[in-house]
Amino acid sequence: MKKILNELNEEQKIAAKTVDGPLLILAGAGSGKTKTITTRLAYLLSAGIDPANTLTLTFTNKAANEMRERALSILGSNISYPPLLCTFHKFGLLFLKFNIDKINRKNNFVIIDTNDKKRIIKNLGCDLPISLVASEISRYKNSLISPEIAEAKSIQPNYKIIASVYKQYEEYIEKNNLVDFDDLLSLTYKILDENDDICKQTSDRYHYIMVDEYQDTNDLQYKLLKKLCSNHQNICVVGDDDQSIYGWRGANIKNILEFPEEFPNAKIIKLEKNYRSTNQILKTANNLIEHNRGRLGKKLESIKGDGKEIDFIECENETVEANIIGNRIKKLIESGVKPQNIAILYRINALSRSIEEGLNRTQVPYKMVGGVKFYERAEIKDIISYLRIIANPNDDFSFKRIINRPKRGIGKISINKIVKAAYKQKQSIFQFLDKNINLATKSISSKKSIVEIKKFIKNLKKLKKELNTSTYEFIDLLEETFHLKEYYQKLPDSIEKIANIDEFYGLFRDFIIVHPEANLDDFLNDIALQSDQDQIDKESISIMSIHASKGLEFDYLFVIGLEEGFFPINGDGSDIEEERRLGYVAITRAKKELTLSHSNSRFYKGRRTNLSKSRFLSECGICKGSLNLEKTTTFKKGDLIKHKIFGMGRVLEVNKIKREFKLKINFGGTKRDILASFVEKI
DNA sequence: ATGATAACAGTTTTT
DNA sequence: CTGTTATCAT
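Rules used in this analysis
- Residues numbered from 1 in each chain as written.
- Chains lettered and ligands numbered in written order.
- Predicted model: local features only at pLDDT ≥ 70, side-chain atom pairs only at ≥ 80, totals over all residues.
- Heavy atoms only, no water.
- Near = heavy atom within 4 Å.
- Polar contact = N/O pair within 3.5 Å; in protein donor to acceptor, adjacent residues only side chain to side chain.
- Axes fitted to C-alpha atoms, helices over the stretch in contact; angles between N-to-C directions.
- Helix = DSSP H or I, 4+ residues; strand = E, 2+ residues; numbered from the N terminus.
- Parallel < 35°, antiparallel > 145°, perpendicular 65-115°, else oblique.
- Left-handed = near helix turned anticlockwise from the far one by under 90°.
- Contact = heavy atoms within 4.5 Å.
- 1 Å grid on protein atoms, 1.4 Å probe; cavity = no way out; pocket = protein on both sides within 12 Å on 5 of 7 lines; lining within 4 Å.
- Points joined across faces, edges and corners; volume = space filled by probe spheres on them.
- Nonpolar A, V, L, I, M, F, W, Y, C, P; charged D, E, K, R; others polar.
- Phe/Tyr/Trp six-rings, centres within 6.5 Å; stacked < 30°, edge-to-face > 60°.
- Buried < 20%, exposed > 50% of the residue type's maximum accessible area, 1.4 Å probe, protein only.
- Core = buried A, V, L, I, M, F, W, Y, C linked by side-chain atoms within 4.5 Å.
- Pairing = 2+ DSSP bridges.
- Salt bridge = Lys/Arg side-chain N within 4 Å of Asp/Glu carboxyl O.

Colleague: Requested: an account of the protein's contact with DNA strand B, with residues and values cited.
Modeller: Not every one of the 30 residues close to DNA strand B is listed here, only the nearest: Arg 249, Arg 347, Lys 373, Ser 531 and Ser 545. Backbone atoms, meaning sugar and phosphate, form 54% of the atoms of DNA strand B found within 4 Å of the protein. Contact distances for DNA strand B include 2.8 Å between a base oxygen and a side-chain N or O atom of Arg 249. One of the side-chain nitrogen or oxygen atoms of Asn 404 is found 3.2 Å away from a phosphate oxygen of DNA strand B.

Colleague: Please give an account of the packing of helix α3 (residues 33-46) against helix α4 (residues 61-75) that cites residues and values.
Modeller: For the pair α3 and α4, interaxial distance at closest approach is 9 Å and the crossing angle is 50°. Compared by their axis directions, α3 and α4 come out oblique. Crossing hand, α3 versus α4: right-handed. Residues Thr 34, Lys 35, Ile 37, Thr 38, Thr 39, Leu 41, Ala 42, Leu 45 and Ser 46 of α3 form the contact with α4, whose participating residues are Glu 66, Met 67, Arg 70, Ala 71, Ile 74 and Leu 75.

Colleague: Help me get a handle on the layout of surface pockets, residues and values and all.
Modeller: Taken as a whole, the second largest pocket spans an internal volume of roughly 1,500 Å³. Of all the secondary-structure elements, those providing two or more residues to the lining of the second largest pocket are α6 (114-123), α9 (157-175), α19 (396-402), α20 (412-424) and α21 (429-435). Tallying contributions element by element places α20 first for the lining of the second largest pocket, with 7 residues. Partitioned by chemical class, the residues of the lining of the second largest pocket number 12 nonpolar, 14 polar and 15 charged.

Colleague: Talk me through the protein's contact with DNA strand C; I want residue IDs and the actual numbers.
Modeller: Taken together, the residues surrounding DNA strand C are Lys 122, Arg 353, Phe 603, Lys 605 and Gly 606. A breakdown of the residues in the surface near DNA strand C according to their chemical character gives 1 nonpolar, 1 polar and 3 charged.

Colleague: Explain the packing of aromatic side chains residue by residue, including any values.
Modeller: The way to describe two aromatic rings as a pair is by their centre distance and the angle between their planes. Under the definition given, this model contains 22 aromatic pairs. Consider the rings of Tyr 386 and Phe 456, whose centres lie 6.2 Å apart with planes at 80°: the pair is edge-to-face. Remark: Phe 456 occurs in helix α23 (residues 447-469) and Tyr 386 occurs in helix α18 (residues 378-391); sequence separation between them is 70 residues. Owing to a relative accessible area of 0%, Tyr 386 belongs among the buried residues under this scheme.

Colleague: Before we move on, could you go through the nonpolar core and cite the residues and values that matter?
Modeller: Counting 51 residues, the largest nonpolar core has Phe 399, Leu 433, Leu 478 and Phe 504 as the members making the most contacts within it. Counting residues per element, this core draws most heavily on α18, which supplies 8 residues. In contact with Leu 478, not counting residues within four places along its chain, are Ile 383, Tyr 386, Leu 387, Ile 390, Leu 463, His 483, Leu 484 and Tyr 505. Formed by 42 residues, the second largest nonpolar core is a distinct cluster that contains Leu 187, Leu 192, Leu 225 and Phe 259.

Colleague: Mind laying out the sheet that holds strand β7 (residues 235-239), listing which residues take part and the relevant values?
Modeller: What holds strands together in a sheet is hydrogen bonding between their backbones, with the strands either parallel or antiparallel. With parallel pairing, 6 strands are arranged side by side in an open sheet as β3-β2-β6-β7-β1-β8. If you trace the sheet from one side to the other, it starts and ends with β3 (84-87) and β8 (267-271), each paired once. Across the sheet, the mean angle from the axis of one strand to that of its neighbour is 15°, orientation sign disregarded. In this sheet, β7 lies alongside strand β6 (residues 208-211) in parallel orientation, the contact comprising 3 bridges. Directly across from Met 210, in β7, lies its bridge partner Cys 236. Packing against the sheet, helix α5 (residues 88-99) makes contact with β2 (54-58), β3 and β6, and its axis sits at approximately 110° to β3.

Colleague: Requested: an account of unusual backbone geometry, with residues and values cited.
Modeller: With an omega of 0°, the peptide bond between Arg 405 and Pro 406 qualifies as cis. Note the cis peptide between Phe 567 and Pro 568, where omega equals 10°. Residues other than glycine seldom take positive phi values, yet Gln 363 does so here, at roughly 60°. Within the element layout of this structure, Gln 363 appears in the loop between α17 (352-361) and β13 (366-368).

Colleague: I'd like a description of empty space enclosed by the protein, backed by residues and values.
Modeller: To find the voids left in a structure, one rolls a probe of water-molecule size over its atoms. Applying the stated criterion across every chain yields a total of 1 cavity of 30 Å³ or more. Taken as a whole, the largest cavity encloses approximately 60 Å³ of empty space. Every residue lining the largest cavity is listed: Leu 288, Val 559, Leu 562, Phe 567, Gly 583, Ala 586, Ile 587, Leu 596, Phe 616 and Cys 620. Per element, the largest residue contribution to the lining of the largest cavity is 3 residues, and it comes from helix α29 (residues 576-587). Looking at the lining of the largest cavity, its residues break down into 9 nonpolar, 1 polar and no charged.

Colleague: Mind laying out the pattern of salt bridges, listing which residues take part and the relevant values?
Modeller: Tallying each qualifying case throughout the model produces 46 salt bridges. Put simply, Lys 613 and Glu 314 hold a salt bridge, and the shortest N to O gap is 3.5 Å. Here the residue Lys 613 occupies a position in the loop between β18 (607-610) and α30 (615-619), and Glu 314 occupies one in strand β11 (residues 311-315), the gap between them amounting to 299 residues. The salt bridge involving Glu 578 is made with Arg 581; its shortest N-O contact spans 3.4 Å. Of this pair, Glu 578 and Arg 581 both sit in helix α29, 3 residues apart, which is roughly one turn of the helix. For Glu 578, a relative accessible area of 7% gives the class buried. According to the relative accessible area criterion, Arg 581 is buried, its value standing at 4%. Through salt bridges with shared partners, a single ionic network connects Lys 33, Asp 212, Glu 213, Asp 216 and Lys 550.

Take it as geometry only, folks, not as evidence of what the structure does.
Below is the structure:
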């Protein structure tokens, strides 16, 4: 048992050995967090705790898989039962599969993703921006606010509308037995809250709970955890308040800041020894984060020595910036540095373009991490919809997606007619088209389309039958029957789409091989919560957003776009302390060398904008006195002004150039750029 | 029903 | 400038 803890330092050891009661492990960046909690899990099990009594929750499948692997490798093969180690959402899914009947719903529900959700909201007919409505509904659900309460609470007319859309949305997804990502948690909470017996039983079952990335939990996840540990208080949370970067998505940094108050007698252990970066890098990170007020306080110290000084590049524009960085990286690679140890980070994805162009010019191979998710691609979702329909023909939601894919001559109007007619008969679309095809033909305009639909229904039934007989060849049969690849062949970007489809077919076959006795439902459930785990390519450097870089590390790191307005972003809905934490996350990804870059101007949203240096540069001690925040101007867009030569005009734009402000002014139709000091307000 | 053009909006996105 | 969506001919 002692052996298990051998590789840990003193603090880590104490953390791993503290088994009972609430425990907060404040794990700074690069402090061996994963090692500590996987060892702790291994220690628990080796101390005789039944693996069935443990629950370890993470945010990503990637983290869950990595931790499982590491914990099991410490233990070797001598465990009786695999410990439950999964994402919050997967836990919700498992719980609902057993318990959703308590709220009178069937457990063959289908999980929808954010795009599905938006499509439903759109079809409900609502003039407000869809993403606003979707995120507000999400907010309500995560605050356990029902549509009725939302309606009652709303004062503004727009919020009345949102509340009513929320109500219709809930009715729709219940009717279609759908479950969105938020429901996986909110319905789980609801059942635990309304059924004391189930709550007690569940809490008893999971007697030792661990939570990774605790700083990213939201209010609902906090409440859920409270329920889960209500019978024992054996909750160990691991996180770093300085790395809380998902506040805009509902994560509540208070959960970690106030853990000691919320869980009385909590033990707190700080892991401040950093095994990743040089002291120069950590000093920079510490300098920056010390400007934040809302934090528990922590100072990282390197075991690696001082290292190289931070490099700062100031560029005229983004093209120069990209060329300089491209050339530097090229030299690094030529000197023997492996491309997978180099990365470029940016605050907003829009900055990737100029960098990509620069890397192409300087012939540096790169891979963009993040971007469009594999399972969110239209072609993949179409095939998943086919599989869902075959698994459950009454899944109207999926049916609507593929009824005209490939094109069968069924447009929006026909679909609406069919849906209404089916609804009248109290049947699913599939049942309606199958059993009442004569009635259905009234909804479809052309003869050709009717023939197509008949064929479609026949084929779906054929495949459903086939499902019971053979599984492995099933995917080939799907392709032979519906010719999906043929359809995508004709569409733009066909090569990429076909490659994706082939990859998906491969994943299906792999799943069948790994789980020979699993059925189609198991596969669909498995992939519903899966996002692709971007592999870091050995042959290429990585470029990605700072958010996408969390948890990763690189020997040579470049952070670009250190400009006010770009990083930090300032304006509506931006939080300067969270921006600073993003800076902290970015800097602490670097192991050996860190380069920060600034561009004096950028081409963005179709126009060139002049930019001043990010305040973060001066805050972390890179670039002293770079900030002129005191220096402001009273001119604003729309002001009437007078110029000695050009006369009266109206301000169109205010731009900051070094220490002056340049105004774009409309003088009776002629636009001119003029320094602010040459005009007077009137 | 479908494909072409106009109008519009553009921070980050673990499930 | 780009990618997405609404609208309008065909």
